[in-house]
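# Structural description and commentary
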Amino acid sequence: MRKRIDRFIEDALGEFTRWYVDSAWLGKERDCVNMFAMNFLAKAVKPGAAISELGQIRIESPVPQPKGFAKITAAKDLVIWGNSFETAWDEEWNASHYPKAVLEWKIKRSGRRPDHFHRHDISWLSGFTSDYQNTFGYLIRVYDGPQGRAVDWAKVRGGAINGTNRRS
């Protein structure tokens with residue numbers, strides 16, 4: 001059983017990618033997030049695994065903002081918490097708890113295949129993983145346009161991108 005959460009997520013991303021690239025399924029960004037969470041990530045959840053409870057997986061979950069952002073929290077596409085009942089909030093309603101992982105998605109359905117990740121997402125995840133050293137993030141881009149279908153992702157840890165996976 002895999003205990004490392006990053007490998008758990010990357011295995012699910014690999015399965016999602018193979019399925020997506022070979023399918024004729026149509027969906028926008030939120031559809032992709034939901035499809036990934038419920039059909040690829042959730043199916044590997046079991047006691048003793050890196051994600052052991054379905055409640056750890058949250059869509060549009062609020063998390064604390066990194067330094068330099070105006071609002072106290074931001075709702076992120078897909079968030080993995082340490083347990084089913086964990087949230088950003090403490091007993092005084094301060095955003096003081098952070099998750100294990102944050103996944104930010106973008107989809108492009110026209111024009112050329114993108115060769116870079118969204119600047120705001122890079123900046124936000126770099127700041128977040130720098131402020132909260134025990135967490136990491138993924139930048140995920142889905143392309144379904146004239147150049148075919150592809151899913152790419154990059155892991156962000158300690159304020160920096162730690163490698164990119166391009167699959168088409």
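Residues numbered from 1 in each chain as written. Predicted model: local features only at pLDDT ≥ 70, side-chain atom pairs only at ≥ 80, totals over all residues. Heavy atoms only, no water.

### Let's talk about the overall build of the chain
Broken down by element type, the chain carries three helices and six strands. If you list the helices and strands of the chain from N to C, you get α-α-β-β-β-α-β-β-β. By the compact-globule yardstick of 15 Å for 168 residues, the chain fits well, its C-alpha radius of gyration being 16 Å. Across its three principal axes, the chain shows a C-alpha extent of roughly 50 × 35 × 25 Å. Within the chain, buried positions represent 47% of all 168 residues. Across the chain, contacts joining residues at least 24 apart in sequence account for 58% of those joining residues at least 6 apart. Each charge sign in the chain was given a centre, from 26 positive and 20 negative side chains, and these centres are 6 Å apart. (Helix = DSSP H or I, 4+ residues; strand = E, 2+ residues; numbered from the N terminus. Rg over C-alpha atoms; globule rule 2.2 N^0.38 Å. Buried < 20%, exposed > 50% of the residue type's maximum accessible area, 1.4 Å probe, protein only. Contact = heavy atoms within 4.5 Å. Lys, Arg positive; Asp, Glu negative; His and termini not counted. Charge placed at Lys NZ, Arg CZ, Asp CG, Glu CD.)

### Observations regarding the packing of aromatic side chains
Throughout the structure, instances matching the rule amount to 15 aromatic pairs. Taken together, a centroid distance of 5.7 Å and an interplanar angle of 20° make the contact between Phe 16 and Tyr 20 stacked. Here Phe 16 and its partner Tyr 20 are both found in helix α1 (residues 5-22), four residues apart, which amounts to about one turn of the helix. Given the relative accessible area of 0%, Phe 16 is considered buried. Summarising the aromatic geometry, the rings of Phe 36 and Trp 105 are spaced 5.3 Å apart at their centres and angled 50° between planes, so their arrangement reads as tilted. Here the residue Phe 36 occupies a position in helix α2 (residues 29-41), and Trp 105 occupies one in strand β3 (residues 101-108), the gap between them amounting to 69 residues. (Phe/Tyr/Trp six-rings, centres within 6.5 Å; stacked < 30°, edge-to-face > 60°.)

### A short note on the pattern of salt bridges
Here the structure, examined in full by the defined rule, presents 10 salt bridges. The residue Glu 10 makes a salt bridge to Arg 7 at a minimum N-O spacing of 3.8 Å. Of the two residues, Glu 10 and Arg 7 are both situated in helix α1; the distance of three residues between them amounts to about one turn of the helix. Residue Arg 7 is classed as partly exposed on the basis of its relative accessible area of 39%. Between Arg 141 and Asp 152 there is a salt bridge; the shortest N-O distance is 2.9 Å. Of this pair, Arg 141 sits in strand β4 (residues 136-145) while Asp 152 sits in strand β5 (residues 148-157), and the two are 11 residues apart along the sequence. Taken individually, Arg 141 and Asp 152 each receive the classification buried, so the pair is uniform in this respect. Overlapping salt bridges bring together Arg 4, Asp 6 and Lys 155 as one network. (Salt bridge = Lys/Arg side-chain N within 4 Å of Asp/Glu carboxyl O.)

### A closer look at unusual backbone geometry
Its identity is not glycine, yet Glu 60 carries a phi of approximately 55°, on the positive side. Tracing the backbone through its elements, the reader meets Glu 60 in strand β1 (residues 57-64). Exposure remark for Glu 60: the relative accessible area of 34% places this residue in the partly exposed category. The phi dihedral of Trp 93 falls on the positive side, at around 65°, and the residue is not glycine. Considering the arrangement of structural elements, one finds Trp 93 in the loop between β2 (73-80) and β3.

### Topic: α1
Here α1 spans 26 Å end to end across 18 residues, near enough to the 26 Å set by a 1.5 Å rise per residue. Considered for burial, the residues of α1 that qualify are Ile 5, Asp 6, Phe 8, Ile 9, Glu 10, Ala 12, Leu 13, Gly 14, Phe 16, Thr 17 and Tyr 20. (Expected span 1.5 Å × (residues − 1).)

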